[in-house]
Each structure stands twice: as structure tokens, then as C-alpha cells.
Amino acid sequence: MIFEHIKLKKYVDDDEFNTIYPEWVRKLAFRHWTSVQISKVAADFLVGKPGTKVLDIGSGPGKFCMIGASHTNGYFTGVEQRYSLVELSKKLSIFYSIQNVNYIHANITSINFKEYDAFYFFNSFYENIDRSAIIDETVNASIDLYDLYSIYVNDQFSLAPQGTRLVTYCGALKEIPSSYELQYSLYNGLLKFWKKTSL
């Protein structure tokens, strides 16, 4: 019923949505997973035309991808380095019959951004510099990794064609090349909408 309501553009409360997850995932929701409303607004901007391929960088339990895929006619892929979260995302997408999603268990540095048209980035690397933001201990975290990932993402964004769309949420903006122009922002500037305007 939750995803049917999203498809019908009806309001869905985050507490209601998060009931699809096990308790340990629900406990992390407020800090780590994008809200339903922000997911819908971001997905609307990213999917400029039917079939737009959106990459969610650090997809966690797949919340943004499942909402985006239900709310728009785009195709959403999440990359996540925690195997348990990737498997959970896949199981939930199958259970709720969400077709236009895919999840990749990988480190971001192995992903070729040229395969995607638009990108969502919710400050995915912050746990490398803030111990209070650690999701779990199953992956390494360090300032060096924060720098490595940020540089890689910046380089990949730089190689994207003009017109590429990007949404950032709560980010430090270190990952955004100067070739991207801010279109507008919402939620007191936390949610930013970008478009690549130059090479």
C-alpha cells in the first residue's frame, strides 16, 4: 500500500514508510536515510525524461531508489558497500514489485559514472570523518578514504556531459566541480539542485 500511495502521488509519512525495514535499520533512519518527501522532490528534478538512469551514491537500504522508482518513470541504481543493506534493498524491491531499480554491492571507486544520466548524493562519505555518523563496523572508515572518495566522485562528475543533473543533500560540496551550476535549493539550503553547464 505504501508504494501504491507513492505512485498515486499521495502523502506517505516517514514513520509509516520505515516500517518496511527491520528495527536496526529503522533506528538509523532519521540521520542516514532520505525522507520520503525529499526523495520525491529530488527524483522529480533528476528524471528529466522517461528512462533517465539515476545513480544513488551510497544507497543504504534502498529507500531513495525505491521511492524514486515508484514516483517517476526513471531507472534507479543504488551503489552500496555494505552487503547486508544491498541484499535487504533487493529483497524489498522484489517483495514490493518495484521493477525499475537495481542495486550494486561495490565501492564507489569501481563505478563508472558514464553509465548514468543523473546523480543523487546524500553526504555518503561523512562517516569517514565523524565517528558519531558510523552506520556499523563492517567497512573501513578514515579521513584518507573520505578524501579518496570525494576526489573520485568529483573527477567522475567532471567527465559527465553538459546537462547532467545532480542533487546533493547535506553535503560539504567538496565533490561538486565548478562546471556545475546551482539551479536552486530547498530545506534551508540543505537540498541543492545542480546542472552541468560547462565542460
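Residues numbered from 1 in each chain as written. Predicted model: local features only at pLDDT ≥ 70, side-chain atom pairs only at ≥ 80, totals over all residues. Heavy atoms only, no water.

## Some details on a nonpolar patch on the surface
Worth spelling out the cut-off: Without a salt bridge and with relative accessible area above 30%, a residue can belong to a patch; like charges are then joined within 9 Å and nonpolar side chains (Val, Leu, Ile, Met, Phe, Trp, Tyr) within 5 Å. A 1.4 Å probe and the Shrake-Rupley method give the accessible areas. Residues count as covered only by the protein chains that appear here. A pairing counts as a salt bridge when a side-chain nitrogen of Lys or Arg comes within 4 Å of a carboxyl oxygen of Asp or Glu. The secondary structure listing takes helices from DSSP runs of H or I that are at least 4 residues long and strands from runs of E that are at least 2 residues long, numbered from the N terminus. Accessible area is worked out with a 1.4 Å probe on protein chains only. A residue is then buried under 20% of its type maximum, exposed over 50%, and partly exposed in between.
Together, Tyr 184, Leu 186, Tyr 187 and Leu 190 line one region of the surface with nonpolar side chains, adding up to about 350 Å² of accessible area. For Leu 186, the position within the fold is in strand β6 (residues 180-186). Owing to a relative accessible area of 33%, Leu 186 belongs among the partly exposed residues under this scheme.

## Re the pairing of strand β5 (residues 165-169)
Condition: DSSP bridges decide pairing: two strands pair if at least two such bridges lie between them.
Across the 5 residues of β5, 4 count as buried, placing the element largely inside the fold. The sheet contact formed by strand β4 (residues 118-121) and β5 spans 4 bridges and is parallel. Of the residues in β5, the one forming a bridge with Tyr 120 is Val 167. Pairing between β5 and strand β7 (residues 191-196): 5 bridges, direction antiparallel. The partner of Val 167 across the bridge, within β7, is Phe 193.

## What to know about the sheet that holds β6
What counts is decided by this rule: Axis lines are fitted through C-alpha atoms, for helices just across the contact stretch, and the angle between N-to-C directions can take any value from 0 to 180 degrees. Throughout, a residue-residue contact means that at least one pair of heavy atoms, one from each residue, lies within 4.5 Å.
Strand order in the open sheet made by the 7 strands is β3-β2-β1-β4-β5-β7-β6, with mixed pairing throughout. Both edges of this open sheet fall to β3 (101-105) and β6, since each of them pairs with a single strand only. Averaged over all pairs of adjacent strands, the angle between strand axes in this sheet comes to 20°, irrespective of strand direction. The strands touched by helix α5 (residues 36-46) within the sheet are β1 (53-57), β2 (75-80), β4, β5, β6 and β7, with β5 carrying the most contacts at an inclination of about 160°. Packed on one face of the sheet, helix α6 (residues 63-71) meets β1, β2, β3 and β4 and runs near 175° to β2.

## Considerations on the packing of α5 against α6
To keep things clear, this is the line we draw: Any angle that falls under 35 degrees is termed roughly parallel, while one over 145 is termed roughly antiparallel, one within 65 to 115 roughly perpendicular, and all others oblique. In a left-handed crossing the near helix is turned counterclockwise from the far helix by less than a right angle, and in a right-handed crossing that turn is clockwise. For this classification, the nonpolar set comprises Ala, Val, Leu, Ile, Met, Phe, Trp, Tyr, Cys and Pro, the charged set comprises Asp, Glu, Lys and Arg, and every other residue, Gly included, is treated as polar.
Running from N to C, α5 and α6 point in directions that differ by 60°, and their axes come no closer than 9 Å. Between α5 and α6, the angle falls in the class oblique. Along this stretch, α5 crosses α6, giving a crossing that reads as right-handed. Contacts between α5 and α6 involve Val 36, Ser 39, Lys 40, Ala 42, Ala 43, Asp 44 and Leu 46 on the former and, on the latter, Lys 63, Phe 64, Ile 67, Gly 68 and His 71. When the residues that make up the contact of α5 with α6 are grouped by side-chain class, the tally is 6 nonpolar, 3 polar and 3 charged.

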